Amino acid sequence: MAEHPLTVSELTQTVRQTLEQFPPLWVVGELSNFTQASSGHRYFTLVDEESQLKCVMWRSRQLSGFSPEPGMEVLAQGTLTVYDRRGEYQFNVSQLFQSGVGQQQLAFEALKQRLIEEGLFDEEVKRPLPEFPQIIGVVTSRTGAAIRDILNVLRRRAPWVRVVLRPALVQGLEAPEDIVQGIEALNAWGKADVLIVGRGGGSAEDLAAFNAEVVVRAVRDSAVPVISAVGHEVDYSLSDLAADCRAPTPSAAAELAVPDADDLRELVGRLTLRARDSIYRLLEENESTLAHYSDSYSLRHVEDLVFQHDQHVDELQKDLFVHFRRAFDGKLEAYRRLSGQLGSLSPLSVLERGFSVTQRLDDGRLVQDAGTLNPGDRVRVRFAKGEAICQVEGVQEESLLT
Amino acid sequence: MAKDKDLNFEGALQQLESAVDRLEEGSLPLSEALDLFEAGLKASNMCRTHLEQARQRVEVLVAESGGTFELTDLDAENESES
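Rules of the game
- Residues numbered from 1 in each chain as written.
- Chains lettered and ligands numbered in written order.
- Predicted model: local features only at pLDDT ≥ 70, side-chain atom pairs only at ≥ 80, totals over all residues.
- Heavy atoms only, no water.
- Helix = DSSP H or I, 4+ residues; strand = E, 2+ residues; numbered from the N terminus.
- Buried < 20%, exposed > 50% of the residue type's maximum accessible area, 1.4 Å probe, protein only.
- Contact = heavy atoms within 4.5 Å.
- Areas by Shrake-Rupley, 256 points an atom, 1.4 Å probe, with all protein chains shown as cover.
- Phe/Tyr/Trp six-rings, centres within 6.5 Å; stacked < 30°, edge-to-face > 60°.
- Axes fitted to C-alpha atoms, helices over the stretch in contact; angles between N-to-C directions.
- Parallel < 35°, antiparallel > 145°, perpendicular 65-115°, else oblique.
- Left-handed = near helix turned anticlockwise from the far one by under 90°.
- Nonpolar A, V, L, I, M, F, W, Y, C, P; charged D, E, K, R; others polar.
- Polar contact = N/O pair within 3.5 Å; in protein donor to acceptor, adjacent residues only side chain to side chain.
- Buried area = accessible area lost by both parts, 1.4 Å probe.
- Salt bridge = Lys/Arg side-chain N within 4 Å of Asp/Glu carboxyl O.
- Pairing = 2+ DSSP bridges.
- Core = buried A, V, L, I, M, F, W, Y, C linked by side-chain atoms within 4.5 Å.

Visitor: Looking at this structure, I do not really get the overall build of chain A. What am I missing?
Guide: Secondary structure assignment for chain A yields 11 helices and 13 strands. Per-residue burial for chain A yields a buried fraction of 39% across its 402 residues. Of all intrachain contacts in chain A linking residues separated by at least 6 positions in sequence, the fraction that spans at least 24 positions is 59%. On chain A, roughly 24,100 Å² of surface is accessible, and the fraction owed to carbon and sulfur atoms is 52%.

Visitor: Whenever I open this one, the packing of aromatic side chains confuses me. Can you help?
Guide: Two descriptors summarise a pair of aromatic rings, namely the distance from one centre to the other and the angle between the planes of the rings. All names here are of chain A. Scanning the model with the defined rule gives three aromatic pairs over all chains in all. Between the aromatic rings of F34 and F44, the centroid separation amounts to 5.4 Å while the plane-to-plane angle is 25 degrees, which identifies the pairing as stacked. Of this pair, F34 sits in strand β1 (residues 25-36) while F44 is found in strand β2 (residues 42-47), placing the two residues 10 residues apart along the sequence. For F34, a relative accessible area of 25% puts it in the partly exposed group.

Visitor: Got a minute to help me understand the packing of helix α8 (residues 261-285) of chain A against helix α1 (residues 9-25) of chain B in this structure?
Guide: For any two helices packed against each other, one specifies the crossing angle of their axes together with the interaxial distance. As a packed pair, α8(A) and α1(B) sit with axes 9 Å apart at the nearest point and diverge in direction by 30 degrees. With respect to α1(B), the element α8(A) is oriented roughly parallel. In this structure, the crossing between α8(A) and α1(B) has a hand that is left-handed. When α8(A) is examined against α1(B), the residues L264(A), L267(A), V268(A), L271(A), T272(A), R274(A), A275(A), S278(A) and I279(A) are found in contact with a partner set consisting of F9(B), L13(B), L16(B), E17(B), V20(B), D21(B), L23(B) and E24(B). Among the residues forming the contact of α8(A) with α1(B), the class breakdown is 11 nonpolar, two polar and four charged.

Visitor: Would you explain the side chain of Q359(A) in this entry?
Guide: Residue and element names in this part refer to chain A. Inspection of the secondary structure puts Q359 in strand β11 (residues 357-360). Judged by its relative accessible area of 16%, Q359 falls in the buried class. A distance of 3.1 Å separates a polar atom in the side chain of Q359 from the backbone oxygen of G364. Not counting residues up to four positions away in its chain, the partners in contact with Q359 are G364, R365, L366, V367, V379, R380 and R382.

Visitor: Which parts of the structure should I look at to understand the interface of chain B and chain A?
Guide: Accessible area lost when the parts come together is the quantity often used to give the size of an interface. Listed per partner, the contact involves 40 residues of chain B and 44 residues of chain A. Of the roughly 4,100 Å² buried between chain B and chain A on both sides combined, carbon and sulfur atoms contribute 65%. The interface formed by chain B and chain A holds four salt bridges in total. A salt bridge links R162(A) to E59(B), with the nearest nitrogen and oxygen atoms 3.0 Å apart. The interface formed by chain B and chain A holds 11 residue pairs in polar contact (both at pLDDT 80 or more) in total. When contributions to the side of chain B that touches chain A are tallied by element, the ones reaching two or more residues are α1, α2 (30-52), β1 (57-63), β2 (69-73) and α3 (75-81) of chain B.

Visitor: Any chance you could explain the sheet that holds strand β13 (residues 387-391) of chain A here in plain terms?
Guide: All names here are of chain A. Taken together, the three strands give an open sheet; going across it, the order is β11-β12-β13, and neighbouring strands pair in antiparallel fashion. Strands at the two margins of the open sheet, each flanked by one partner only, are β11 and β13. In this sheet, neighbouring strand axes are inclined to one another by 25 degrees on average, regardless of whether the strands run parallel or antiparallel. In this sheet, strand β12 (residues 378-382) lies alongside β11 in antiparallel orientation, the contact comprising four bridges. Its bridge partner lying in β12, V357 is registered against R382.

Visitor: Even after reading the chapter, I still don't get the nonpolar core, so can you show me in this structure?
Guide: Soluble globular proteins tend to bury their nonpolar side chains together. Judged by nonpolar contacts, the single largest core of 51 residues is most densely connected at I136(A), V138(A), I196(A), I227(A) and F9(B). The leading source of residues in this core is α2(B), at nine residues. Setting aside residues up to four positions removed in sequence, I136(A) forms contacts with L154(A), V161(A), R162(A), V163(A), V164(A), V194(A), I196(A), A257(A) and V258(A). Judged by nonpolar contacts, the second largest core, of 36 residues, contains L115(A), A168(A), I179(A) and A209(A).

Visitor: I would appreciate a short explanation of the pattern of salt bridges in the present structure.
Guide: When charged atoms on two side chains of opposite charge get close, those side chains can pair. Residues and elements named next belong to chain A. Summed over all chains, the structure comprises 24 salt bridges over all chains. For the salt bridge of R217 with E213, the shortest nitrogen-to-oxygen distance reads 3.0 Å. With R217 and E213 both in helix α5 (residues 213-221), this residue pair falls four residues apart, about one helical turn. By relative accessible area, which is 25% here, R217 ends up partly exposed.

Visitor: Quick question: what am I supposed to make of the pairing of β2(B) here?
Guide: On any regular strand, side chains alternate: one points to one face of the sheet, the next to the other face. Residue and element names in this part refer to chain B. Bridge analysis of β1 against β2 gives five bridges, and the strand direction is antiparallel. Each residue of the ladder has a partner; that of A63, found in β2, is F69. The turn joining β1 and β2, which pair antiparallel and follow one another in sequence, is formed by five residues; a positive phi near 85 degrees is taken by G66.

Visitor: Is there a simple way to think about the pairing of β12(A) in this case?
Guide: Residue and element names in this part refer to chain A. Here β12 shows a buried face lined by V379 and V381 and an unburied face lined by R378, R380 and R382. Across five bridges, β12 lies against β13 in antiparallel orientation. Within β13, the residue paired with V379 across the bridge is C390. Counted between consecutive antiparallel strands, the loop separating β12 from β13 contains four residues, among which G386 sits at a positive phi close to 80 degrees.

Visitor: Sorry if this is basic, but what is going on with the environment of A39(B) here?
Guide: Residue and element names in this part refer to chain B. Within the fold, A39 resides in helix α2. Here A39 falls in the partly exposed class, since its relative accessible area comes to 37%. Spatially, the C-alpha atoms of A39 and A12 are 9.8 Å apart, while their sequence positions differ by 27 residues.

Visitor: Can you walk me through unusual backbone geometry in this structure?
Guide: A negative phi holds for most residues other than glycine; trans holds for most peptide bonds. Unusually for a residue other than glycine, N33(A) sits at a positive phi of about 50 degrees. You can call N33(A) exposed: its relative accessible area is 57%.

Visitor: Teacher, can you tell me more about the packing of helix α3 (residues 145-157) of chain A against helix α7 (residues 250-257) of chain A here?
Guide: Residues and elements named next belong to chain A. Running from amino to carboxyl end, α3 crosses α7 at an angle of 35 degrees, the nearest separation of the two axes being 8 Å. In the packing of α3 onto α7, the handedness of the crossing is right-handed. From α3, A146, D149, I150, V153, L154, R156 and R157 reach across to α7, where they touch P250, S251, A254 and E255. Along the lines of polarity and charge, the residues of the contact of α3 with α7 split into six nonpolar, one polar and four charged.

Structure (C-alpha coordinates):
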(Lines give C-alpha, C1' and ligand atoms only; values in the text may rest on other atoms or scores of the structure.)
Protein backbone atom coordinates (compact mmCIF):
# COMPACT_ATOMS: atom_id res chain seq x y z
CA MET A 1 0.00 0.00 0.00
CA ALA A 2 2.48 2.52 1.13
CA GLU A 3 5.15 2.98 -1.48
CA HIS A 4 7.83 4.77 0.51
CA PRO A 5 7.31 4.18 4.20
CA LEU A 6 9.53 6.29 6.45
CA THR A 7 11.43 4.80 9.30
CA VAL A 8 10.63 6.10 12.75
CA SER A 9 13.96 7.81 12.84
CA GLU A 10 13.41 9.45 9.48
CA LEU A 11 10.05 10.83 10.57
CA THR A 12 11.42 12.00 13.88
CA GLN A 13 14.28 13.66 12.05
CA THR A 14 11.85 15.50 9.78
CA VAL A 15 9.66 16.65 12.67
CA ARG A 16 12.74 17.78 14.53
CA GLN A 17 14.01 19.81 11.60
CA THR A 18 10.59 21.43 11.21
CA LEU A 19 10.37 22.33 14.90
CA GLU A 20 13.89 23.69 14.99
CA GLN A 21 12.95 26.20 12.33
CA PHE A 22 10.94 28.10 15.00
CA PRO A 23 12.84 31.18 16.15
CA PRO A 24 13.75 31.42 19.87
CA LEU A 25 10.59 31.92 21.95
CA TRP A 26 9.51 33.27 25.32
CA VAL A 27 7.10 31.07 27.25
CA VAL A 28 5.36 31.83 30.51
CA GLY A 29 4.06 29.09 32.76
CA GLU A 30 4.01 27.51 36.16
CA LEU A 31 7.04 25.48 37.17
CA SER A 32 6.55 21.81 38.03
CA ASN A 33 8.63 18.64 38.45
CA PHE A 34 11.87 20.56 38.61
CA THR A 35 14.85 18.24 38.98
CA GLN A 36 18.51 18.90 38.70
CA ALA A 37 20.25 15.70 37.61
CA SER A 38 23.68 14.72 38.91
CA SER A 39 24.98 15.73 35.48
CA GLY A 40 23.97 19.28 36.34
CA HIS A 41 21.30 19.48 33.63
CA ARG A 42 17.85 20.53 34.78
CA TYR A 43 14.62 18.97 33.69
CA PHE A 44 11.21 20.44 34.39
CA THR A 45 7.75 20.98 33.02
CA LEU A 46 5.95 24.25 32.39
CA VAL A 47 2.22 23.95 32.87
CA ASP A 48 -0.92 26.01 32.69
CA GLU A 49 -4.54 24.96 33.12
CA GLU A 50 -4.66 22.95 29.92
CA SER A 51 -1.23 22.03 28.67
CA GLN A 52 2.25 20.95 29.57
CA LEU A 53 5.62 21.68 28.03
CA LYS A 54 8.64 19.48 28.73
CA CYS A 55 11.75 21.53 29.25
CA VAL A 56 15.44 20.99 29.56
CA MET A 57 18.04 23.50 30.65
CA TRP A 58 21.62 22.40 30.15
CA ARG A 59 24.24 22.67 32.83
CA SER A 60 26.06 25.40 30.89
CA ARG A 61 23.07 27.75 31.26
CA GLN A 62 22.95 29.98 34.33
CA LEU A 63 19.85 30.31 36.46
CA SER A 64 19.32 34.04 36.98
CA GLY A 65 19.36 34.62 40.70
CA PHE A 66 16.49 32.59 42.11
CA SER A 67 15.89 29.10 43.35
CA PRO A 68 13.13 27.36 41.40
CA GLU A 69 10.21 26.15 43.43
CA PRO A 70 7.12 24.21 42.45
CA GLY A 71 4.22 26.44 41.45
CA MET A 72 6.43 29.42 40.75
CA GLU A 73 5.43 31.47 37.76
CA VAL A 74 8.41 31.66 35.39
CA LEU A 75 9.39 33.11 32.07
CA ALA A 76 11.57 30.90 29.88
CA GLN A 77 13.42 31.68 26.70
CA GLY A 78 14.53 28.88 24.41
CA THR A 79 14.08 26.93 21.23
CA LEU A 80 11.94 23.95 20.30
CA THR A 81 13.48 20.59 19.57
CA VAL A 82 12.71 16.87 19.73
CA TYR A 83 14.12 14.32 22.10
CA ASP A 84 14.60 11.58 19.55
CA ARG A 85 14.76 8.61 21.89
CA ARG A 86 11.29 9.27 23.24
CA GLY A 87 9.79 10.96 20.25
CA GLU A 88 8.81 13.86 22.52
CA TYR A 89 9.14 17.47 21.61
CA GLN A 90 10.76 19.65 24.25
CA PHE A 91 11.76 23.20 24.97
CA ASN A 92 15.47 23.82 25.17
CA VAL A 93 15.68 26.64 27.71
CA SER A 94 18.50 29.17 27.54
CA GLN A 95 17.22 31.64 30.16
CA LEU A 96 14.79 31.27 33.03
CA PHE A 97 13.32 34.11 35.11
CA GLN A 98 10.87 34.37 37.93
CA SER A 99 7.91 36.04 36.32
CA GLY A 100 6.53 39.33 37.57
CA VAL A 101 3.00 38.33 36.66
CA GLY A 102 2.73 35.64 39.27
CA GLN A 103 -0.04 34.40 41.49
CA GLN A 104 0.53 37.24 43.96
CA GLN A 105 0.01 39.83 41.30
CA LEU A 106 -3.17 38.12 40.15
CA ALA A 107 -4.45 37.95 43.73
CA PHE A 108 -3.63 41.64 44.16
CA GLU A 109 -5.52 42.58 41.01
CA ALA A 110 -8.49 40.41 42.02
CA LEU A 111 -8.66 41.99 45.49
CA LYS A 112 -8.34 45.45 44.00
CA GLN A 113 -11.16 44.75 41.57
CA ARG A 114 -13.38 43.39 44.34
CA LEU A 115 -12.78 46.43 46.56
CA ILE A 116 -13.37 48.81 43.66
CA GLU A 117 -16.72 47.14 43.02
CA GLU A 118 -17.53 47.39 46.69
CA GLY A 119 -17.00 51.15 46.46
CA LEU A 120 -14.17 51.23 48.99
CA PHE A 121 -12.07 53.54 46.84
CA ASP A 122 -14.86 55.87 45.69
CA GLU A 123 -14.14 59.58 45.73
CA GLU A 124 -17.48 60.23 47.44
CA VAL A 125 -16.50 58.35 50.60
CA LYS A 126 -13.32 60.34 51.06
CA ARG A 127 -13.43 62.92 53.79
CA PRO A 128 -11.71 66.29 53.82
CA LEU A 129 -8.72 66.65 56.14
CA PRO A 130 -9.06 69.04 59.08
CA GLU A 131 -7.58 72.43 58.31
CA PHE A 132 -5.96 73.00 61.70
CA PRO A 133 -5.28 69.67 63.38
CA GLN A 134 -4.08 69.82 66.98
CA ILE A 135 -3.22 66.16 67.40
CA ILE A 136 -1.86 63.87 64.70
CA GLY A 137 -1.92 60.12 65.22
CA VAL A 138 0.77 58.11 63.45
CA VAL A 139 0.82 54.37 62.79
CA THR A 140 4.27 53.26 61.68
CA SER A 141 7.44 51.64 62.95
CA ARG A 142 8.90 53.25 66.04
CA THR A 143 12.42 52.94 64.68
CA GLY A 144 11.91 53.54 60.95
CA ALA A 145 12.81 56.58 58.91
CA ALA A 146 9.12 57.40 58.45
CA ILE A 147 8.45 58.69 61.97
CA ARG A 148 11.67 60.74 61.94
CA ASP A 149 10.74 62.31 58.62
CA ILE A 150 7.24 63.10 59.83
CA LEU A 151 8.50 64.68 63.05
CA ASN A 152 11.05 66.78 61.16
CA VAL A 153 8.45 68.24 58.84
CA LEU A 154 5.95 68.88 61.63
CA ARG A 155 8.59 70.54 63.81
CA ARG A 156 9.37 72.93 60.99
CA ARG A 157 5.84 73.63 59.76
CA ALA A 158 3.67 73.33 62.84
CA PRO A 159 5.63 72.88 66.07
CA TRP A 160 2.46 73.29 68.16
CA VAL A 161 0.99 70.05 66.84
CA ARG A 162 0.99 67.10 69.24
CA VAL A 163 2.07 63.82 67.72
CA VAL A 164 0.86 60.52 69.10
CA LEU A 165 2.60 57.47 67.71
CA ARG A 166 1.07 54.02 67.83
CA PRO A 167 4.07 51.83 66.93
CA ALA A 168 3.39 48.99 64.50
CA LEU A 169 5.42 46.48 62.56
CA VAL A 170 5.26 47.50 58.93
CA GLN A 171 6.65 44.41 57.27
CA GLY A 172 6.51 40.69 57.85
CA LEU A 173 3.67 38.33 58.53
CA GLU A 174 2.37 40.07 61.65
CA ALA A 175 2.49 43.53 60.09
CA PRO A 176 -1.08 43.67 58.73
CA GLU A 177 -2.69 42.76 62.05
CA ASP A 178 -0.39 45.17 63.90
CA ILE A 179 -1.25 48.06 61.59
CA VAL A 180 -4.97 47.30 61.95
CA GLN A 181 -4.63 47.34 65.74
CA GLY A 182 -2.77 50.64 65.56
CA ILE A 183 -5.53 52.28 63.52
CA GLU A 184 -8.20 50.86 65.80
CA ALA A 185 -6.37 51.89 68.97
CA LEU A 186 -6.01 55.51 67.81
CA ASN A 187 -9.69 55.52 66.90
CA ALA A 188 -10.64 54.11 70.29
CA TRP A 189 -8.46 56.70 71.99
CA GLY A 190 -10.38 59.23 69.95
CA LYS A 191 -8.42 62.46 70.35
CA ALA A 192 -6.43 62.54 67.13
CA ASP A 193 -7.74 64.89 64.41
CA VAL A 194 -6.07 63.01 61.57
CA LEU A 195 -3.99 59.84 61.15
CA ILE A 196 -0.89 59.18 59.10
CA VAL A 197 -0.49 55.48 58.30
CA GLY A 198 2.54 54.27 56.41
CA ARG A 199 6.22 53.54 56.12
CA GLY A 200 9.26 54.67 54.18
CA GLY A 201 10.16 53.27 50.80
CA GLY A 202 10.93 49.65 50.21
CA SER A 203 10.63 46.88 47.69
CA ALA A 204 7.22 45.77 46.52
CA GLU A 205 7.38 42.91 49.01
CA ASP A 206 8.22 45.24 51.90
CA LEU A 207 5.08 47.19 51.14
CA ALA A 208 2.86 44.11 50.98
CA ALA A 209 1.26 44.73 54.38
CA PHE A 210 -0.39 47.84 52.94
CA ASN A 211 -2.09 45.71 50.31
CA ALA A 212 -3.55 43.33 52.89
CA GLU A 213 -7.33 43.40 52.87
CA VAL A 214 -7.60 43.85 56.66
CA VAL A 215 -5.38 46.93 56.51
CA VAL A 216 -7.25 48.41 53.56
CA ARG A 217 -10.56 47.96 55.38
CA ALA A 218 -9.21 49.39 58.63
CA VAL A 219 -8.03 52.48 56.73
CA ARG A 220 -11.48 52.93 55.19
CA ASP A 221 -13.34 52.16 58.43
CA SER A 222 -11.34 54.64 60.52
CA ALA A 223 -13.58 57.32 61.99
CA VAL A 224 -10.61 59.69 61.94
CA PRO A 225 -9.52 60.78 58.42
CA VAL A 226 -6.45 58.89 57.21
CA ILE A 227 -3.50 60.06 55.15
CA SER A 228 -1.74 57.09 53.62
CA ALA A 229 2.02 57.36 53.22
CA VAL A 230 3.45 54.21 51.76
CA GLY A 231 6.81 55.26 50.41
CA HIS A 232 6.53 54.26 46.82
CA GLU A 233 6.35 56.92 44.15
CA VAL A 234 5.18 54.74 41.31
CA ASP A 235 2.72 52.13 42.47
CA TYR A 236 -0.28 52.83 44.62
CA SER A 237 -0.88 50.41 47.45
CA LEU A 238 -4.49 49.48 48.16
CA SER A 239 -4.22 51.40 51.43
CA ASP A 240 -3.34 54.48 49.38
CA LEU A 241 -6.49 54.00 47.35
CA ALA A 242 -8.66 53.52 50.44
CA ALA A 243 -7.25 56.47 52.41
CA ASP A 244 -8.91 59.87 52.47
CA CYS A 245 -5.72 61.32 51.11
CA ARG A 246 -2.59 59.75 49.65
CA ALA A 247 0.97 61.01 49.99
CA PRO A 248 3.97 59.58 48.14
CA THR A 249 6.22 59.68 51.23
CA PRO A 250 5.85 60.13 55.00
CA SER A 251 7.34 63.65 54.72
CA ALA A 252 4.77 64.57 52.11
CA ALA A 253 2.03 63.18 54.37
CA ALA A 254 3.17 65.45 57.19
CA GLU A 255 3.12 68.43 54.82
CA LEU A 256 -0.42 67.60 53.74
CA ALA A 257 -1.53 67.20 57.34
CA VAL A 258 -0.71 70.66 58.64
CA PRO A 259 -0.67 74.24 57.36
CA ASP A 260 2.69 75.99 57.27
CA ALA A 261 3.42 78.29 60.20
CA ASP A 262 4.99 80.92 57.91
CA ASP A 263 1.89 80.98 55.70
CA LEU A 264 -0.31 81.38 58.77
CA ARG A 265 1.85 84.20 60.15
CA GLU A 266 1.60 85.93 56.83
CA LEU A 267 -2.18 85.47 56.79
CA VAL A 268 -2.59 86.82 60.33
CA GLY A 269 -0.28 89.74 59.54
CA ARG A 270 -2.22 90.61 56.40
CA LEU A 271 -5.58 90.46 58.17
CA THR A 272 -4.29 92.60 61.01
CA LEU A 273 -3.00 95.24 58.60
CA ARG A 274 -6.37 95.26 56.85
CA ALA A 275 -8.10 95.80 60.19
CA ARG A 276 -5.77 98.72 60.88
CA ASP A 277 -6.36 100.31 57.49
CA SER A 278 -10.11 100.11 57.96
CA ILE A 279 -10.03 101.65 61.38
CA TYR A 280 -7.72 104.47 60.25
CA ARG A 281 -10.03 105.23 57.36
CA LEU A 282 -12.97 105.28 59.72
CA LEU A 283 -11.13 107.57 62.13
CA GLU A 284 -10.34 110.01 59.32
CA GLU A 285 -13.95 110.02 58.19
CA ASN A 286 -15.02 110.79 61.72
CA GLU A 287 -12.39 113.42 62.37
CA SER A 288 -14.84 116.22 63.01
CA THR A 289 -16.85 114.13 65.42
CA LEU A 290 -13.67 113.17 67.19
CA ALA A 291 -12.51 116.76 67.52
CA HIS A 292 -15.71 117.41 69.36
CA TYR A 293 -14.81 114.81 71.96
CA SER A 294 -11.15 115.59 71.88
CA ASP A 295 -10.61 115.34 75.59
CA SER A 296 -13.00 112.62 76.36
CA TYR A 297 -11.93 109.40 77.92
CA SER A 298 -13.14 107.31 75.01
CA LEU A 299 -10.92 109.17 72.56
CA ARG A 300 -7.88 108.78 74.74
CA HIS A 301 -8.79 105.12 74.87
CA VAL A 302 -8.93 105.02 71.09
CA GLU A 303 -5.63 106.79 70.78
CA ASP A 304 -4.09 104.42 73.20
CA LEU A 305 -5.50 101.54 71.27
CA VAL A 306 -4.17 102.83 67.98
CA PHE A 307 -0.69 103.53 69.33
CA GLN A 308 -0.52 100.16 70.92
CA HIS A 309 -1.71 98.73 67.70
CA ASP A 310 0.98 100.52 65.76
CA GLN A 311 3.50 98.93 68.02
CA HIS A 312 1.92 95.56 67.41
CA VAL A 313 1.94 96.11 63.66
CA ASP A 314 5.58 97.17 63.81
CA GLU A 315 6.38 93.91 65.51
CA LEU A 316 4.35 92.04 62.99
CA GLN A 317 6.10 93.69 60.12
CA LYS A 318 9.44 92.91 61.65
CA ASP A 319 8.36 89.29 62.06
CA LEU A 320 7.07 89.17 58.54
CA PHE A 321 10.31 90.58 57.25
CA VAL A 322 12.31 87.98 59.12
CA HIS A 323 10.11 85.19 57.81
CA PHE A 324 10.04 86.43 54.26
CA ARG A 325 13.75 86.91 54.44
CA ARG A 326 14.20 83.33 55.58
CA ALA A 327 11.86 81.98 52.91
CA PHE A 328 13.49 84.20 50.33
CA ASP A 329 17.01 83.13 51.23
CA GLY A 330 15.95 79.51 50.92
CA LYS A 331 14.41 80.15 47.55
CA LEU A 332 17.39 82.16 46.39
CA GLU A 333 19.69 79.31 47.26
CA ALA A 334 17.47 76.81 45.48
CA TYR A 335 17.32 79.15 42.52
CA ARG A 336 21.10 79.46 42.35
CA ARG A 337 21.45 75.72 42.45
CA LEU A 338 18.84 75.20 39.79
CA SER A 339 20.02 77.95 37.52
CA GLY A 340 23.48 76.45 37.69
CA GLN A 341 22.02 73.22 36.44
CA LEU A 342 19.75 74.68 33.87
CA GLY A 343 22.30 77.04 32.41
CA SER A 344 21.10 78.47 29.17
CA LEU A 345 17.64 76.97 29.59
CA SER A 346 16.85 79.43 32.35
CA PRO A 347 14.31 82.06 31.31
CA LEU A 348 16.46 84.56 33.15
CA SER A 349 19.41 83.97 30.87
CA VAL A 350 17.13 84.75 27.97
CA LEU A 351 16.27 88.01 29.69
CA GLU A 352 19.93 88.67 30.20
CA ARG A 353 20.44 88.51 26.48
CA GLY A 354 18.16 91.50 26.18
CA PHE A 355 14.75 89.91 25.72
CA SER A 356 11.88 90.81 27.99
CA VAL A 357 8.65 89.26 29.13
CA THR A 358 5.33 91.06 28.84
CA GLN A 359 2.27 90.35 30.96
CA ARG A 360 -1.15 91.93 30.93
CA LEU A 361 -1.47 94.00 34.06
CA ASP A 362 -5.14 93.17 34.63
CA ASP A 363 -4.92 89.40 34.73
CA GLY A 364 -1.22 88.61 34.57
CA ARG A 365 -1.49 86.60 31.34
CA LEU A 366 1.64 86.49 29.19
CA VAL A 367 1.38 88.46 25.99
CA GLN A 368 2.47 86.34 23.04
CA ASP A 369 0.49 88.05 20.34
CA ALA A 370 0.31 91.80 19.87
CA GLY A 371 -3.15 91.27 18.43
CA THR A 372 -4.48 90.57 21.91
CA LEU A 373 -3.59 94.11 22.99
CA ASN A 374 -5.44 97.34 22.43
CA PRO A 375 -4.14 100.88 22.71
CA GLY A 376 -4.60 102.00 26.29
CA ASP A 377 -4.06 98.51 27.79
CA ARG A 378 -1.57 98.40 30.59
CA VAL A 379 1.19 95.80 30.63
CA ARG A 380 4.03 94.78 32.88
CA VAL A 381 7.36 94.34 31.10
CA ARG A 382 10.02 92.35 32.90
CA PHE A 383 13.66 92.80 32.08
CA ALA A 384 16.66 90.87 33.30
CA LYS A 385 16.74 93.46 36.03
CA GLY A 386 13.55 95.10 37.23
CA GLU A 387 10.32 95.74 35.43
CA ALA A 388 8.23 98.57 34.00
CA ILE A 389 4.51 99.18 33.89
CA CYS A 390 3.66 100.43 30.39
CA GLN A 391 0.66 101.66 28.53
CA VAL A 392 0.13 100.47 24.98
CA GLU A 393 0.08 103.34 22.51
CA GLY A 394 -0.26 101.42 19.33
CA VAL A 395 -0.37 97.85 18.14
CA GLN A 396 1.35 96.36 15.13
CA GLU A 397 0.27 92.79 14.55
CA GLU A 398 3.15 91.80 12.26
CA SER A 399 6.60 91.79 13.79
CA LEU A 400 9.12 93.98 12.04
CA LEU A 401 11.68 91.25 12.54
CA THR A 402 9.95 88.57 10.51
CA MET B 1 -0.16 70.15 79.54
CA ALA B 2 -3.66 69.98 78.15
CA LYS B 3 -3.93 73.78 78.32
CA ASP B 4 -2.93 74.06 74.65
CA LYS B 5 -6.58 73.54 73.89
CA ASP B 6 -7.58 76.88 75.47
CA LEU B 7 -5.90 78.58 72.57
CA ASN B 8 -7.84 77.51 69.58
CA PHE B 9 -6.07 78.90 66.55
CA GLU B 10 -8.91 78.10 64.21
CA GLY B 11 -11.46 79.98 66.31
CA ALA B 12 -9.18 82.97 66.78
CA LEU B 13 -8.44 83.16 63.06
CA GLN B 14 -12.15 83.06 62.25
CA GLN B 15 -12.75 85.87 64.73
CA LEU B 16 -10.04 87.95 63.12
CA GLU B 17 -11.36 87.25 59.64
CA SER B 18 -14.93 88.17 60.50
CA ALA B 19 -13.77 91.35 62.29
CA VAL B 20 -11.83 92.39 59.17
CA ASP B 21 -14.77 91.59 56.88
CA ARG B 22 -17.17 93.68 58.95
CA LEU B 23 -14.72 96.54 59.37
CA GLU B 24 -14.18 96.67 55.62
CA GLU B 25 -17.91 96.87 54.97
CA GLY B 26 -17.45 100.31 56.46
CA SER B 27 -21.02 101.05 57.48
CA LEU B 28 -20.55 100.54 61.21
CA PRO B 29 -20.94 103.20 63.87
CA LEU B 30 -17.58 104.27 65.23
CA SER B 31 -17.96 102.76 68.67
CA GLU B 32 -18.96 99.40 67.27
CA ALA B 33 -16.08 99.52 64.81
CA LEU B 34 -13.65 100.20 67.64
CA ASP B 35 -14.99 97.27 69.63
CA LEU B 36 -14.58 95.06 66.59
CA PHE B 37 -11.11 96.37 66.03
CA GLU B 38 -10.16 95.59 69.59
CA ALA B 39 -11.63 92.09 69.32
CA GLY B 40 -9.75 91.59 66.06
CA LEU B 41 -6.49 92.60 67.71
CA LYS B 42 -7.05 90.20 70.57
CA ALA B 43 -7.72 87.43 68.09
CA SER B 44 -4.63 88.38 66.14
CA ASN B 45 -2.56 88.18 69.33
CA MET B 46 -4.03 84.80 70.16
CA CYS B 47 -3.11 83.54 66.71
CA ARG B 48 0.42 84.79 67.11
CA THR B 49 0.83 83.29 70.55
CA HIS B 50 -0.39 80.00 69.19
CA LEU B 51 2.04 80.10 66.29
CA GLU B 52 4.95 80.79 68.59
CA GLN B 53 4.32 77.80 70.82
CA ALA B 54 7.46 76.21 69.66
CA ARG B 55 7.81 72.95 71.51
CA GLN B 56 6.91 69.80 69.64
CA ARG B 57 5.37 67.07 71.78
CA VAL B 58 5.67 63.47 70.73
CA GLU B 59 4.06 60.68 72.67
CA VAL B 60 3.53 56.97 72.25
CA LEU B 61 0.08 55.50 72.67
CA VAL B 62 0.12 52.39 74.80
CA ALA B 63 -3.05 50.32 75.04
CA GLU B 64 -3.79 49.04 78.52
CA SER B 65 -6.06 46.12 79.16
CA GLY B 66 -9.70 47.06 79.55
CA GLY B 67 -9.73 49.58 76.71
CA THR B 68 -7.83 52.37 78.45
CA PHE B 69 -4.82 54.11 77.02
CA GLU B 70 -1.65 55.56 78.37
CA LEU B 71 0.69 58.06 76.75
CA THR B 72 4.44 58.06 77.26
CA ASP B 73 6.92 60.57 75.91
CA LEU B 74 8.88 59.45 72.89
CA ASP B 75 11.58 62.10 73.26
CA ALA B 76 13.64 60.35 75.93
CA GLU B 77 13.77 57.10 73.99
CA ASN B 78 14.62 58.89 70.78
CA GLU B 79 17.55 60.72 72.25
CA SER B 80 19.07 57.62 73.77
CA GLU B 81 18.78 55.96 70.39
CA SER B 82 20.54 58.51 68.26
